[in-house]
Structure formats: structure tokens, C-alpha cells
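If you want the building blocks of each chain, they are given just below.
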Amino acid sequence: QVQLVESWGGLVQAGGSLRLSCAASGRTFSSYAMGWFRQAPGKEREFVAAISCNGGTTYYSDSVKGRFTISRDNVKNTVYLQMNSLKPEDTAVYYCAAAPRDTIVVVKTLVDDYDYWGQGTQVTVSS
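It should be emphasised that the depicted structure is a prediction, and the values quoted were computed from it without experimental measurement.

Rules behind the numbers
- Residues numbered from 1 in each chain as written.
- Predicted model: local features only at pLDDT ≥ 70, side-chain atom pairs only at ≥ 80, totals over all residues.
- Heavy atoms only, no water.
- Core = buried A, V, L, I, M, F, W, Y, C linked by side-chain atoms within 4.5 Å.
- Buried < 20%, exposed > 50% of the residue type's maximum accessible area, 1.4 Å probe, protein only.
- Helix = DSSP H or I, 4+ residues; strand = E, 2+ residues; numbered from the N terminus.
- Contact = heavy atoms within 4.5 Å.
- Salt bridge = Lys/Arg side-chain N within 4 Å of Asp/Glu carboxyl O.
- Pairing = 2+ DSSP bridges.
- Axes fitted to C-alpha atoms, helices over the stretch in contact; angles between N-to-C directions.
- Polar contact = N/O pair within 3.5 Å; in protein donor to acceptor, adjacent residues only side chain to side chain.
- Phe/Tyr/Trp six-rings, centres within 6.5 Å; stacked < 30°, edge-to-face > 60°.
- Lys NZ or Arg CZ within 6 Å of the ring centre and 35° of its normal.

K.L.:
Before we go on, may I ask you to explain the nonpolar core in this structure?
P.N.:
Generally speaking, nonpolar side chains in soluble globular proteins are found buried as a group. The biggest cluster of nonpolar side chains holds 29 residues, and the ones touching the most others in it are Leu4, Trp36, Val79, Leu81, Met83 and Tyr94. Those elements giving two or more residues to this core turn out to be β1 (2–7), β3 (18–26), β4 (32–39), β5 (46–51), β7 (68–73), β8 (78–83), β9 (92–100) and β11 (121–126). Filtering out sequence-adjacent residues up to four positions away, tyrosine 94 remains in contact with Glu6, Leu20, Trp36, Phe37, Arg38, Val48, Phe68, Leu81, Met83, Gly120, Thr121 and Val123. Phe37, Ala50, Ala99 and Val107 belong to the second-largest nonpolar core, a separate cluster that totals seven residues.

Written out as C-alpha cells, the structure is:
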């Protein structure tokens, strides 16, 4: 079992920045690939970014590439999402998620690939 708790969402003006954190507890954090997803009202949950177990591989959706950066600290059992140049369309509830280690596909982009989810943190970008 892995417990995930997101924090540091909030309200920011367009063009601003936020850094989300997701603290993990339970089984060995470094055994899990991690991902960030988001869900806006009336829309399906969508992939944002993913990172491999050792942090060596990252992957981003086209909508955030070049603006967001995912990273992890396996000592602090925490994954981060640095969000820069925020846009109103980035407004959503952001979720972190954990997927068991896969030596073939080291980053995961599908909701169904992830076994554990946090409760989410709201990010609102005003225009």
C-alpha cells in the first residue's frame, strides 16, 4: 500500500508559477514510477507528466511540455511538479499517482496504469 498526499496548489495569475508536491508513505517509494494527472470540471482525467523510478526518464503531455517539470527525491519520498508560464486552461484538480516498477515501459501515461492516487489539489489560474 502507498499513501500519497498532494500539496501547494492554489490560485495564481496567468504567467505565474506553482510547485506542487506529493509526499508518499508506505512501501518503498523508489519502486514506483510516478505521474501527475489533472481533471477539469466536466472533463476526463488527463495525463500531465511522468517520471521513472530512478528519475532518469521523464515524459510530458504536449500541452505542458516546455512549461512543466517533473522531478522526484527518493530520499524524501516526494515527487514534484514545477509549473511555469501557467495558463487559464491549466486550471484543474491535480493528482499524483504511483505505478509499480516496469523494466520495459519505465514511464506510464494511462490512468489505468496507476495503482495508487492522492486526493488531489486544486490549481486555479486566473486570466
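K.L.:
What's the story with the pattern of salt bridges in this structure? I'm lost.
P.N.:
Between side chains of opposite charge, a pair can form as their charged atoms come close. Enumeration over the complete set of coordinates arrives at five salt bridges. Here arginine 67 and aspartate 90 are joined by a salt bridge, their closest N and O atoms 2.8 Å apart. One end of the pair, arginine 67, is in the loop between β6 (58–60) and β7; the other, aspartate 90, is in the loop between β8 and β9, with 23 residues separating them in the sequence. Through salt bridges that share partners, Arg38, Glu46, Arg67 and Asp90 make up one connected network.

K.L.:
What's the story with the environment of threonine 103 in this structure? I'm lost.
P.N.:
Mapped onto the elements, threonine 103 comes out in the loop between β9 and β10 (116–117). With 21 residues separating them along the chain, threonine 103 and glutamine 82 place their C-alpha atoms 26 Å apart.

K.L.:
How should I be thinking about the sheet that holds β1 in this particular structure?
P.N.:
Sheet strands line up and pair through hydrogen bonds in the backbone, either parallel or antiparallel. Taken together, the four strands give an open sheet; going across it, the order is β1-β3-β8-β7, and neighbouring strands pair in antiparallel fashion. At either margin of the open sheet sits one strand with a lone partner, and together these are β1 and β7. Looking at each pair of strands side by side, their axes are set apart by 15° on average, direction ignored. As judged from the six bridges shared by β7 and β8, these two strands associate in the antiparallel manner. Of the residues in β8, the one forming a bridge with arginine 72 is valine 79.

K.L.:
Just checking my understanding: could you explain the side chain of threonine 78 for this structure?
P.N.:
In this structure, threonine 78 sits in strand β8. By relative accessible area, threonine 78 is classed as buried at 9%. Separated by 2.9 Å, the side chain of threonine 78 and the backbone oxygen of lysine 76 make a polar contact. Excluding residues that lie within four positions of it along the chain, threonine 78 makes contacts with Ser21, Cys22, Ala23, Phe29, Ser71, Arg72 and Asp73.

K.L.:
Even after reading the chapter, I still don't get the packing of aromatic side chains, so can you show me in this structure?
P.N.:
Each aromatic ring pair is described using two quantities: the centre-to-centre distance and the angle formed by the ring planes. Going through the model one piece at a time under the given rule, you end up with six aromatic pairs. Lying across the ring of tyrosine 80, arginine 19 places its NZ or CZ 4.0 Å from the centre. Across from the ring centre of tyrosine 95, 3.7 Å away, lies the NZ or CZ of arginine 45, which sits over that ring.

K.L.:
Quick question: what am I supposed to make of the environment of alanine 99 here?
P.N.:
By the secondary structure assignment, alanine 99 is in strand β9. In this structure alanine 99 comes out as buried when scored by relative accessible area, which is 0%. Separated by 28 residues in the primary sequence, alanine 99 and serine 127 have C-alpha atoms spaced 35 Å apart.

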